[in-house]
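Structural overview
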Amino acid sequence: MLQRRQRYSLLVAVMLVFTLVLAGCGAGGGGGGAADDEIILGMVVATTGAYAGGEAPLINGARLAVEHINAEGGINGRQVRLVIEDTGSEQTGAVNAYSRIASQNPIAILSSTVSAFVLAQMEQIQNAGIPTFTGGGAVALTEQNNPWLFRVRTSDAWVPVAAATFAVEELGAEKIGVLRVNDQMGEGWEQKIIETLAEHGLEPVGVEVHGADDKDMMPQLLRLQNAGAEAVIVASHPPTHVVIMKQRKQMDNPFDLIVSNSAMLPTTLELLEADELEGVYGTVDAVPVSDPFSSDWAAEYEERFGMAADFSAAEYYDAAIMVAEAARETDGSHQAIADYLHGIAGRKGMGNTWTFGDNGDGGSQVVIVRPSPEGLDALSTIVIDR
Amino acid sequence: MFAQILVNGIAMGCIYALVTLGFVLVVRAAGVVNFAHGEMVMLGAYLGVSTTAALGLAPAVGLLVTILIMAGVGALFQRIIVQPLHGKHLLTIVMATVGISIAMQNGATLIWGPYPLTMAPFFGSRPVNLLGAVILPHTLIIIALTGLVLAALHLVLTRTGSGLMIQASAQDPETARLMGIRVQRMNTIVFATAAALAGMAGFLVAPLFIVTPSIGFSTMLKGLAVAILGGWGSLQGAILGGLLFGIIETLAAAYLSTAYKDVVAFAVLILMLLVRPQGLFPEKIGEKV
Amino acid sequence: MLHHIAGKMGSKLPRWVKAVLWAGTGLAVLVLPLLFPSFYHRQLLEQVLIFALLALGYDLLLGHTGQFSLGHIALFAIGSYTTALLSTKAGAPFLVGLLAAAVVTGLVGLAIAVPALRIKGHYLVVLTLAFNEIIRLLLTNLREFTGGSGGITNIPSPAIAGFSFNTPLKRYYLLLAFLLLGVLVIVRLERSRFGRAFKAVRDAELAADVSGVNIARTKILSFVISAVFAGVAGALYAHTFHYISPEFFGLGRTIILLAMVIVGGKGSVAGVIAGVALLTLLPEALRFVKQYYMVAFGLGVWLTTLFLPDGLVAIAAKLRDRWIMAPGARQQS
């Protein structure tokens, strides 16, 4: 009885599928695409889900860039339009979003800062032949020999090295601990820190790991305190960074902290009090607000978006500006733009100093900062010679 | 260090107890496995942030307001989502609560934004020194309030008329109905109570950590584990299981490798299921087939 | 074989109608990727096909045998990782990796089945949930072996006898072939005495026991076969998308898989496929709603349970009864 119904409904099911695929198409997948007098700049980031908060500044940076580009007459007389597709903070969504944008033939694509998503998109980035930018830090991204991928970030090959070097040379610490999240970024930081410490003849006094969803950091902090750590390098994400700093203060700040970039975003700093930031240092790629090169730009950003300009927004701004410049200076084809970008070296931008080289790994700057609730104080700027 | 870890463990245990108690109440009284229960905790946390930060209410007032709102949410949930699906297959009801859970989680992002939020602890963030342990006053408040609430609940369930009616309709709805007890109203009260307990847990735990839309999901998983640990459907199992779980989790994290602590936790859970599936504190009630 | 299935279609419909509908479906399925030439659409179709295979195996366990397991994504992961490691680290050919994935995952399914014999209902749920999480954590933590959180990159496209399925179009037909094979297996099982045994275990275990059904063997068979489906689907996934990481195989995906089967209609081949298609394509179709789309999706899932508690499959039955059946021949469903 039931079986007949099943056999039969297979047909209706297929018709349903058909209709849905058509619907998906109609909602803008195959359709869309630029009008003749405009150029599309694609963007694939999380506007919903767990990563939406972290990637919102990127959208701001891109928007500001598009406004500036259009104010200068666009690219070869054509206005630029920013089209954003949502990754949904999830791998399949990221892959689909990229395909969707690529089918609209944008001049370039600003993709996600989540390295796993970009790795999942790698095949399409290769096939589509559209210059794609990522703010992701994982070293693996630029080891794939993909001529179309450009990293607009200082990779995790350098930033943790700077952090560890700072701890040893500037803070004079010998007992250094590591506290990191159990994902690709955390793994990368741990490896590089251990390598750097070894070069100075040191070993970490403790390496503590936490799950991305873990809320309580007390056990890890207590263990590091017991191990006698003088400074702890933290590689994590904003929610956990905040908990770490709050709980460390409850312990009366037994050690200094050097925290990874996402802790230094304005939306993270907002959640912290001055005494929770005592003895805290951070790494960022740039401090647009205080660097004289970018301070005017940062002021405009703050006025436009109501929040302080951070390095990630600035880096995506730079990406869009460099694409526009490449398009104006060449015939504007994807290949020409890519070649131009590969040729950029030592170029100072709002968010970094750019040298893309052969493998597209663009960032070469790390700034060690002292945070306070008002903002970041740049202590030292390191430009890596690559 | 041990005293500190123990006190923190007990506080986390209280939170788990509150969350799981609500979950198990619903399982027991209405036969529903509510996958959206974790989102009630999340909602309680967000309401905590809003009432104390945005509205500037005193924490005690904020807590009361949150509990009242959450009770309302629970009642609405029962009326709109659960009641219409009465009698349907278990998986259908589970799927409905899953759908609502997704909607609630993303709805929270729309209302409160995607950035993490914080809430000030009761009586400030300066820890006190108690028997060598450095403890936030807030932690002690959690333990005290939980004790009060559980005691009150126990009194209501065992000493008052309404409480006995709830127990009756939980154990045997058909007979209860024959005796004139309005079973559906009891169910609504049960859902409201469960949501209020969850919301209270969320409110209390928010100042210790960070409030994001995803805290509900991970709480749900732990609640499920505690319910199994304590004995499925057992109220005292939920409370004692929750306390035990909180203490063991905190101790394990402090003294074992933190990378593998989750693996250990799940392995222990599996062992528990294989060796003593009825849990640590099973109650003798008829299994709802 | 086809004749066998078509014959069972129910004598309620005129034969020519059935023939047209079957031919139409077959043609539509074969022609679908040609009608949608963009990479984007073809990749969506690949996702539907792979998850349909996974979901059919899962439904065997959940819908047919009534075993409420939430650990299926872990099996999917094991299949993916087996073939990914074999092909990237040992250079194993596609079919070897595929076979290995099927065997390894089947064995793991066997390993879960044994303790699951004594455990039912919500206990099984938590057991399998815990198993799912352990697998994911092991895949993340055993870095040297599995590549850790970074996952495994550059997994090659499927290749048989030197022919490489390196475009979505070619892969569509390969995946379709696997899906059809899977459907055939399920349909034959349904009809066989094993299928009846599965249903007996689901509906009335005690009665089944009394009437001579070997409960243990039936449950084990159900677990192992569904695990093999998951392993094959996992292998196909790895070779289609060329990149896997532990984060993909989390509990969120388990919930989606469950929703695909329930919303589509458990126990029904067509229902499951419809559910997979809907839940894969719906988020894409809802993109225009932007940040509200996940809320809409969640509410949509809820509304489906409210109006179609038996799944999408129920729509088909209603349609048939209303439009196609002659008034006198309408069945009381």
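Quick summary incoming for the structure in this document. (Residues numbered from 1 in each chain as written. Chains lettered and ligands numbered in written order. Predicted model: local features only at pLDDT ≥ 70, side-chain atom pairs only at ≥ 80, totals over all residues. Heavy atoms only, no water.)

Here we take up the overall build of chain A. Counting its regular elements, chain A contains 12 helices and 14 strands. In terms of overall dimensions, chain A is globule-like: its C-alpha atoms have a radius of gyration of 23 Å, near the 21 Å expected for 386 residues. For chain A, the residues scored as buried account for 63% of the 386 residues in total. Long-range contacts, defined as pairs at least 24 residues apart, comprise 66% of the intrachain contacts of chain A with a sequence gap of at least 6. When the accessible surface of chain A is split by element, carbon and sulfur atoms take 48% of a total near 13,100 Å². Charged side chains in chain A number 23 positive and 51 negative. The centres of these two groups are separated by 9 Å. (Helix = DSSP H or I, 4+ residues; strand = E, 2+ residues; numbered from the N terminus. Rg over C-alpha atoms; globule rule 2.2 N^0.38 Å. Buried < 20%, exposed > 50% of the residue type's maximum accessible area, 1.4 Å probe, protein only. Contact = heavy atoms within 4.5 Å. Areas by Shrake-Rupley, 256 points an atom, 1.4 Å probe, with all protein chains shown as cover. Lys, Arg positive; Asp, Glu negative; His and termini not counted. Charge placed at Lys NZ, Arg CZ, Asp CG, Glu CD.)

To continue, consider the nonpolar core. Judged by nonpolar contacts, the single largest core of 223 residues is most densely connected at Leu257(A), Phe23(B), Trp232(B), Phe76(C), Leu236(C), Ile244(C) and Leu258(C). Sort the elements by how many residues they give to this core and helix H3 (residues 39-64) of chain C lands first, with 16 residues. Filtering out sequence-adjacent residues up to four positions away, Leu258(C) remains in contact with Leu91(B), Met95(B), Tyr58(C), Leu62(C), Phe68(C) and Leu70(C). Core analysis: the next-biggest nonpolar cluster, separate from the first, contains 65 residues, Met43(A), Ile130(A), Ala320(A) and Leu341(A) among them. (Core = buried A, V, L, I, M, F, W, Y, C linked by side-chain atoms within 4.5 Å.)

Let us look at the environment of Pro84(B). Looking at where Pro84(B) falls in the secondary structure, it is placed in the loop between helix H3 (59-82) and helix H4 (90-112). You can call Pro84(B) partly exposed: its relative accessible area is 41%. Linking Pro84(B) and Ile15(B), residues 69 residues apart in sequence, is a C-alpha distance of 31 Å. If near-sequence neighbours (up to four positions away) are discounted, Pro84(B) is found in contact with Gln78(B), Arg79(B) and Leu306(C).

What follows concerns the pattern of salt bridges. In total, this model carries 22 salt bridges over all chains according to the counting rule given. One salt bridge connects Arg287(C) with Glu85(A), and the closest N-O pair in it is separated by 3.2 Å. Taken together, the residues Arg287(C) in the loop between helix H13 (269-285) and helix H14 (293-307) and Glu85(A) in strand S2 (residues 79-86) connect one chain to another. The class for Glu85(A) is buried, based on a relative accessible area of 9%. With a closest N to O distance of 2.9 Å, Glu325(A) and Arg347(A) form a salt bridge. Of the two residues, Glu325(A) sits in helix H11 (residues 311-329) while Arg347(A) sits in strand S11 (residues 347-348), which places them 22 residues apart along the sequence. (Salt bridge = Lys/Arg side-chain N within 4 Å of Asp/Glu carboxyl O.)

All right, on to the environment of Leu130(B) then. All names here are of chain B. Counting through the fold element by element, Leu130 comes out in strand S1 (residues 128-130). In sequence terms Leu130 and Val7 are 123 residues apart; their C-alpha atoms lie 9.9 Å from each other. Leave out the neighbours within four places in its chain, and Leu130 touches Ile135 and Leu140.

Okay, the interface of chain B and chain C next. Tallying the contact residues gives 37 residues for chain B and 37 residues for chain C. Both sides together, the interface formed by chain B and chain C hides about 3,400 Å², and carbon and sulfur atoms give 84% of it. Between chain B and chain C we count zero salt bridges in total. Across the chain B-chain C interface, the total number found is one residue pair in polar contact (both at pLDDT 80 or more). (Buried area = accessible area lost by both parts, 1.4 Å probe. Polar contact = N/O pair within 3.5 Å; in protein donor to acceptor, adjacent residues only side chain to side chain.)

In this section: the packing of aromatic side chains. In this structure the tally under the stated criterion is 22 aromatic pairs over all chains. Measuring from ring centre to ring centre gives 5.5 Å for Phe150(A) and Phe356(A), while their planes differ by 85°; the resulting arrangement is edge-to-face. Residue Phe150(A) is found in strand S5 (residues 149-151), and its partner Phe356(A) is found in the loop between strand S12 (353-354) and strand S13 (365-372); the two are separated by 206 residues along the sequence. Judged on exposure class, the residue Phe150(A) and its partner Phe356(A) are both buried. Considering the side-chain rings of Phe76(C) and Tyr237(C), the 5.7 Å spacing of their centres and the 55° angle between planes classify their relative orientation as tilted. Of this pair, Phe76(C) sits in helix H4 (residues 72-89) while Tyr237(C) sits in helix H11 (residues 215-241), and the two are 161 residues apart along the sequence. Of the two residues, Phe76(C) and Tyr237(C), neither departs from the other in class, the shared state being buried. Taken together through their ring pairs, the aromatic side chains of Phe51(C), Phe76(C), Tyr81(C), Tyr237(C), Phe241(C), Phe248(C) and Phe249(C) make up a single cluster. When the ring centre of Tyr281(A) is taken as origin, the NZ or CZ atom of Arg370(A), which lies over that ring, is 5.3 Å away. Here Arg193(C) stacks its cationic end above the ring of Phe194(C), 4.7 Å away from the centre of that ring. (Phe/Tyr/Trp six-rings, centres within 6.5 Å; stacked < 30°, edge-to-face > 60°. Lys NZ or Arg CZ within 6 Å of the ring centre and 35° of its normal.)

The quantities given are spatial measurements derived from coordinates; they are silent on function.
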